[in-house]
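Okay, here's what each chain looks like letter by letter:
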Amino acid sequence: DAGVIQSPRHEVTEMGQEVTLRCKPISGHNSLFWYRQTMMRGLELLIYFNNNVPIDDSGMPEDRFSAKMPNASFSTLKIQPSEPRDSAVYFCASSRRDSGGELFFGEGSRLTVL
Amino acid sequence: DQQVKQNSPSLSVQEGRISILNCDYTNSMFDYFLWYKKYPAEGPTFLISISSIKDKNEDGRFTVFLNKSAKHLSLHIVPSQPGDSAVYFCAASDGRDDKIIFGKGTRLHILP
């Protein structure tokens, strides 16, 4: 069975540009999470969805960040406009309700904003 | 404010010896704790977990200990092997929802 699929794996962009990161969760998983990893803050939870509905977006740093989950098999994290301090690795993860909290992570999208 | 704290950014251990990774938490509502392992250029993968009703959980070479009164947990790896070199994340949840909070991670180096 395919794992969580994220794209792009690497993105280099210039300050001010729009960035869209994509995620396909594992089929049958009903929760989806977006995390950001930086040296200073480790793995930060940005937002998570249950059954495609955003439940907690308190970790989204600013209005420049937005996330959507239009259906059970797709989610996007958008940054507009991007800034150099947004440079990080962004992970998507999914889980099943009865999985005991075990998250399955994608390989991450490494974003560099120049 | 960090609710899950891993105060050691890195740790080096001789192959064959015991590796002990520590984690502290501040939220007394946390009732489920997990450890994840991460290799470079990969996503974290689940390693082992423990519920707050237990104080120890063992899985092969990996054992997690929980001290609720001290709000402290630790991961023991024995014996340590070269493939254990990775970043280890401690994580916790409070059972009210699906939110899982991670620490900053500890990079473990297993020395030959």
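Residues numbered from 1 in each chain as written. Chains lettered and ligands numbered in written order. Predicted model: local features only at pLDDT ≥ 70, side-chain atom pairs only at ≥ 80, totals over all residues. Heavy atoms only, no water.

Q: How would you sum up the overall build of chain A? Please name residues and give values.
A: Of the regular secondary structure elements, chain A holds zero helices and 11 strands. Starting at the N terminus and walking to the C terminus, you meet the elements of chain A as β-β-β-β-β-β-β-β-β-β-β. The globule rule puts the C-alpha radius of gyration for 114 residues at 13 Å, and the 13 Å found for chain A is close to it. With respect to the three principal axes, the spread of C-alpha positions in chain A is 40 × 25 × 25 Å. Here chain A holds 114 residues, and the buried ones make up 46% of them. Taking as baseline every contact in chain A between residues at least 6 positions apart, the subset at least 24 positions apart corresponds to 54%. (Helix = DSSP H or I, 4+ residues; strand = E, 2+ residues; numbered from the N terminus. Rg over C-alpha atoms; globule rule 2.2 N^0.38 Å. Buried < 20%, exposed > 50% of the residue type's maximum accessible area, 1.4 Å probe, protein only. Contact = heavy atoms within 4.5 Å.)

Q: How would you explain the overall build of chain B if you had to name every residue and give the values?
A: Across its full length, chain B carries zero helices and 11 strands. Reading the helices (α) and strands (β) of chain B from amino to carboxyl end gives β-β-β-β-β-β-β-β-β-β-β. The C-alpha atoms of chain B give 13 Å as radius of gyration, which agrees with the globular expectation for 112 residues (13 Å, within 12%). Taking the principal axes of its C-alpha atoms as reference, chain B extends roughly 45 × 30 × 20 Å. Taking the intrachain contacts of chain B between residues at least 6 apart in sequence as the baseline, contacts between residues at least 24 apart amount to 54%. Carbon and sulfur atoms make up 48% of the accessible area of chain B, which amounts to about 5,500 Å² in all. If you average the places of the 13 positive and of the 12 negative side-chain charges in chain B, the two averages end up 4 Å apart. (Areas by Shrake-Rupley, 256 points an atom, 1.4 Å probe, with all protein chains shown as cover. Lys, Arg positive; Asp, Glu negative; His and termini not counted. Charge placed at Lys NZ, Arg CZ, Asp CG, Glu CD.)

Q: Quick one: what's the story with the interface of chain A and chain B, residue by residue and with numbers?
A: Contacts between chain A and chain B engage 23 residues on the former and 18 residues on the latter. Around 1,600 Å² of area is buried between chain A and chain B when both sides are counted, 54% of it from carbon and sulfur atoms. Considering only the surface of chain A that becomes buried against chain B, Leu43(A), Tyr48(A) and Phe105(A) emerge as the three largest contributors, covering 26% of it. Counting every contact that joins chain A to chain B gives one salt bridge. Where chain A meets chain B, there are seven residue pairs in polar contact (both at pLDDT 80 or more). (Buried area = accessible area lost by both parts, 1.4 Å probe. Salt bridge = Lys/Arg side-chain N within 4 Å of Asp/Glu carboxyl O. Polar contact = N/O pair within 3.5 Å; in protein donor to acceptor, adjacent residues only side chain to side chain.)

Q: Please set out a nonpolar patch on the surface residue by residue, giving values where relevant.
A: Side chains of Ile18(B), Ile20(B) and Val78(B) sit close together on the surface and give an oily, nonpolar patch of about 230 Å² of accessible area. Among the residues examined, Val78(B) registers a relative accessible area of 43% and is labelled partly exposed. (Patch = residues over 30% accessible without salt bridge, like charges linked within 9 Å, V, L, I, M, F, W, Y side chains within 5 Å.)

Q: An account of the sheet that holds strand E7 (residues 62-67) of chain B is requested, with residue identities and associated values reported.
A: All names here are of chain B. An order of E1-E3-E8-E7-E6 is seen for the five strands of this open sheet, with the pairing classed as antiparallel. Two strands close off the open sheet at either side, each with one partner strand: strand E1 (4-5) and strand E6 (56-59). Pairing analysis gives six bridges linking E7 to strand E8 (residues 72-77), with the strands arranged antiparallel. Paired with Val 64 across the two strands is Leu 75, which belongs to E8. (Pairing = 2+ DSSP bridges.)

Q: Please give an account of the packing of aromatic side chains that cites residues and values.
A: In total, this model carries 13 aromatic pairs over all chains according to the counting rule given. For the ring pair Phe105(A) and Tyr36(B), a centre distance of 5.8 Å and an interplane angle of 80° mean the geometry is edge-to-face. A residue pair is termed interchain when its members come from two chains, as with Phe105(A) in strand E10 (residues 104-105) and Tyr36(B) in strand E4 (residues 32-38). You can call Phe105(A) buried: its relative accessible area is 12%. Since its relative accessible area comes to 0%, Tyr36(B) is described here as buried. (Phe/Tyr/Trp six-rings, centres within 6.5 Å; stacked < 30°, edge-to-face > 60°.)

Q: Describe the sheet that holds strand E3 (residues 19-24) of chain A, listing the residues and the values that go with them.
A: Residues and elements named next belong to chain A. Ordered by their spatial adjacency, four strands build an open sheet running E1-E3-E8-E7, and the pairing between neighbours is antiparallel. Looking at which strands have only one partner, the edges of the open sheet turn out to be strand E1 (5-7) and strand E7 (65-71). Neighbour to neighbour, the strand axes of the sheet diverge by 15° on average, direction disregarded. For E1 and E3, the ladder comprises three bridges, and the chain directions are antiparallel. The residue of E3 that forms the bridge with Ser 7 is Arg 22. (Axes fitted to C-alpha atoms, helices over the stretch in contact; angles between N-to-C directions.)

Q: Summarise the state of the cysteines; cite the residues concerned and give the values.
A: Each disulfide is one covalent bond, formed between the sulfur atoms of two cysteines. Residue and element names in this part refer to chain A. Applying the stated criterion across every chain yields a total of two disulfides over all chains. One disulfide bridge connects Cys 23 with Cys 92, the sulfur atoms lying 1.9 Å from each other. On the S-S bond that ties Cys 23 to Cys 92, the torsion sits near -70°, and the link is left-handed. Linking Cys 23 in strand E3 with Cys 92 in strand E9 (residues 88-95), this pair joins segments that are 69 residues apart in sequence. In terms of burial, Cys 23 and Cys 92 fall into one category: buried. (Disulfide = S-S within 2.5 Å.)

The analysis is restricted to geometry; functional conclusions fall outside its scope.
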